[in-house]
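Residues per chain, in single letters:
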Amino acid sequence: MKFFIDTANLAQIKEAQELGILDGVTTNPSLMAKEGIKGIDAIKKHYVDICNIVDGDVSAEVISTDLAGMIKEGEEFAALHPQIVVKVPMIPEGIKAIKYFTGKGIRTNCTLVFSAGQALLAAKAGASYVSPFIGRLDDVSTDGLGLIEDIRLIYDNYGFDTEILAASVRHPMHIIECAKIGADVITGPLSAITALAKHPLTDTGLATFLADAKKFA
Ligand code: G3P
């Protein structure tokens, strides 16, 4: 199971990389705006900066909604660095763009996926990753993890090699449940990943061990 961090914040990406368990980064236009990255040149430089921190895939999202625009943006992003994966929204023009990129050997991440049907289309178009947003489904009283289960079943039924990238992960239980279901990748905030390490019995156990060790120091 791969762990991606869902941020454009370089300090958090470095912190996650230093943990030694980071497999990649996902970004989106909202996350780039949050970091104050404005203008295409600054955006491109930021993607290269991220690629230079992590060893794995870095999703760079197009903002065009027409096929020609998505192709232009995506080809420019893909040319920036071999680690770039072009993130494309699940709309009809996006499906065409994913098919185009697949034919050109450019890897893609189909984003804003909220249904099994959308995930099926992404796989048929040849997406490298599909990003179902589990937290946002939970937000509207819909079973986000249930969608991951459905997509896993469908992809396994037909041997699709599109990787299920569970996105909009909000907390450690999302990660654990995704691992049980068999999602290929999760992406979420650093806090959700580091929370996996926490357990009160670890803290009290360590405190006892350290106190006992002092008795014999
Ligand atoms: O990057 C896509 C997705 O992970 C967004 O998550 O927390 O904004 O719903 P969130």
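Here, every reference points to the structure presented above.
Worth saying up front: this structure is predicted, and the values here are computed from it rather than measured.

Asker: Please clarify how the overall build of the protein chain should be interpreted in this entry.
Answerer: The number of helices and strands found in the protein chain is eleven helices and eight strands. Taken over the C-alpha trace, the protein chain has a radius of gyration of 19 Å; the compact-globule value for 217 residues is 17 Å, and the two agree within 12%. In terms of overall dimensions, the protein chain has a C-alpha envelope of 70 × 40 × 30 Å along the principal axes. Taking all 217 residues of the protein chain together, 45% fall into the buried category. Of all intrachain contacts in the protein chain linking residues separated by at least 6 positions in sequence, the fraction that spans at least 24 positions is 56%. Accessible surface computed for the protein chain: about 10,700 Å², of which carbon and sulfur atoms make up 58%.

Asker: In this structure, what is going on with the site of the ligand? I would like to understand it.
Answerer: Surrounding the ligand, one finds D6, N28, K87, F133, R136, A167, S168 and R170. Isolated, the ligand exposes 310 Å² of accessible area, and the fraction of that covered by the protein chains is 83%. In terms of residue class, the shell around the ligand is made up of two nonpolar, two polar and four charged.

Asker: Before we go on, may I ask you to explain helix 3 (residues 40-53) in this structure?
Answerer: Helical periodicity: at 3.6 residues per turn, an α-helix aligns residues three or four positions apart in one direction. Taking 1.5 Å of rise per residue, 14 residues should cover 20 Å, and helix 3 covers 20 Å from first to last C-alpha, within 8% of that figure. Those residues of helix 3 that sit buried are K44, H46, Y47, I50, C51 and I53. Buried residues belonging to helix 3 abut helix 1 (10-19), strand 2 (24-26), helix 2 (29-34), strand 3 (57-61), helix 4 (67-80) and strand 4 (84-89).

Asker: Would you explain the sheet that holds strand 8 (residues 185-188) in this entry?
Answerer: The strands that make up a sheet pair up through hydrogen bonds in the backbone, lying either parallel or antiparallel. The sheet built from eight strands closes into a barrel, its strands ordered 1-2-3-4-5-6-7-8 with parallel pairing. On average, each strand axis in the sheet is tilted by 30° relative to the strand beside it, whichever way the strands run. Of the strand pairs in this sheet, strand 1 (residues 2-6) and strand 2 are connected by three bridges, and their pairing is parallel. Looking at strand 2, one finds that D6 is bridged to T26. Packed onto the sheet, helix 5 (residues 92-103) meets strand 4 and strand 5 (108-113) and runs at close to 155° relative to strand 4.

Asker: Where do I start with the pairing of strand 5 in this structure?
Answerer: For strand 5, the buried fraction is high: five of the six residues fall into the buried class. In this fold, the crossover linking strand 4 to strand 5 by way of helix 5 has right-handed handedness. Where strand 5 and strand 6 (residues 129-132) come together, three bridges link them in parallel fashion. Residue pairing in the sheet places N109 in a bridge with Y129 of strand 6. Traced from strand 5 through helix 6 (residues 116-125) to strand 6, the parallel crossover comes out right-handed.

Asker: Is there a simple way to think about helix 4 in this case?
Answerer: A rise of 1.5 Å per residue sets the reference length of helix 4, with its 14 residues, at 20 Å; its end C-alpha atoms lie 20 Å apart and thus fit the reference within 8%. Among all positions in helix 4, only G69, M70, I71, E73, G74 and F77 are buried.

Asker: Can you walk me through the packing of aromatic side chains in this structure?
Answerer: Both the distance between ring centres and the angle between the ring planes are used here to describe each pair of aromatic rings. Scanning the entire structure with this criterion turns up six aromatic pairs. Ring centres 6.2 Å apart and planes at 45° place the aromatic pair Y158 and F160 in the tilted group. Given the relative accessible area of 22%, F160 is considered partly exposed.

Asker: Explain the side chain of H81 to me, please; I cannot follow it from the model alone.
Answerer: Note on placement: H81 falls in the loop between helix 4 and strand 4. Setting aside residues no more than four positions away along its own chain, H81 makes contact with C51 and N52.

Asker: Hey, could you run me through a negative patch on the surface in this one?
Answerer: Taken together, the side chains of D138, D143, E149 and D150 define an acidic patch exposed on the protein surface. Tracing the backbone shows D138 in helix 7 (residues 134-139). Look at D138 and you get partly exposed, because its relative accessible area is 33%.

Asker: Quick question: what am I supposed to make of the nonpolar core here?
Answerer: Among soluble globular proteins, nonpolar side chains are generally buried collectively. Ranked by size, the top nonpolar core spans 54 residues in total, and within it V25, I148, A166, C178 and I186 carry the most contacts. If you tally residues by element for this core, the top one is helix 8 (residues 144-158), at five residues. Residues F4, V85, F133 and L165 belong to the second largest nonpolar core, which totals seven residues.

Calculation notes
- Starting afresh in each chain, residues are numbered from 1 along the sequence in its written order.
- With the structure being a predicted model, the display of local features is reserved for residues of pLDDT at least 70 and the display and counting of side-chain atom pairs for 80 or more, all residues being used for whole-chain, interface and lining totals.
- As a rule here, side-chain values cover all heavy atoms of the structure and leave hydrogens and water aside.
- We count a stretch as a helix when DSSP gives it H or I for four or more residues in a row; a strand needs E for two or more, and each element gets its number in order from the N terminus.
- Both definitions apply: the radius of gyration is a C-alpha atom measure, and the globule rule equals 2.2 Å times residues to the power 0.38.
- Each residue is assigned to one of three classes by its accessible area relative to the maximum for its type, calculated with a 1.4 Å probe on protein chains only: buried under 20%, partly exposed between the two thresholds, exposed over 50%.
- Note on definitions: a residue-residue contact is assigned when non-hydrogen atoms from the two residues lie within 4.5 Å.
- Here the Shrake-Rupley method, with its probe set to 1.4 Å, supplies the accessible areas, and only the displayed protein chains count as covering residues.
- Residues are labelled near a given molecule or strand when at least one of their non-hydrogen atoms is within 4 Å of it.
- Any residue outside Ala, Val, Leu, Ile, Met, Phe, Trp, Tyr, Cys, Pro, Asp, Glu, Lys and Arg is labelled polar, Gly included; the first ten of those are nonpolar and the last four are charged.
- The span expected for a helix works out to 1.5 Å for each residue beyond the first.
- Whether two strands pair comes down to DSSP finding at least two bridges between them.
- Axes here mean lines fitted to C-alpha atoms, for a helix over just the part in contact, with angles spanning 0 to 180 degrees between N-to-C directions.
- Seen with the strands pointing away from the viewer, any crossover whose path from the first strand over the helix to the second strand runs clockwise is right-handed.
- Centres within 6.5 Å make a pair out of two Phe, Tyr or Trp rings, where for Trp the six-membered ring is used; the pair is then stacked when the planes are under 30 degrees apart, edge-to-face when over 60, and tilted otherwise.
- For patch detection, residues must exceed 30% relative accessible area and be free of salt bridges, and they are connected within 9 Å for like charges or within 5 Å for nonpolar side chains (Val, Leu, Ile, Met, Phe, Trp, Tyr).
- Salt bridge criterion: a side-chain nitrogen from Lys or Arg within 4 Å of a carboxyl oxygen from Asp or Glu.
- Counted charges follow a simple rule, with Lys and Arg positive, Asp and Glu negative, and His plus the chain ends left uncounted.
- Working definition for charges: the position is that of NZ of Lys, CZ of Arg, CG of Asp or CD of Glu.
- What is meant by a nonpolar core is a set of buried Ala, Val, Leu, Ile, Met, Phe, Trp, Tyr and Cys residues, joined one to another through side-chain atoms within 4.5 Å.

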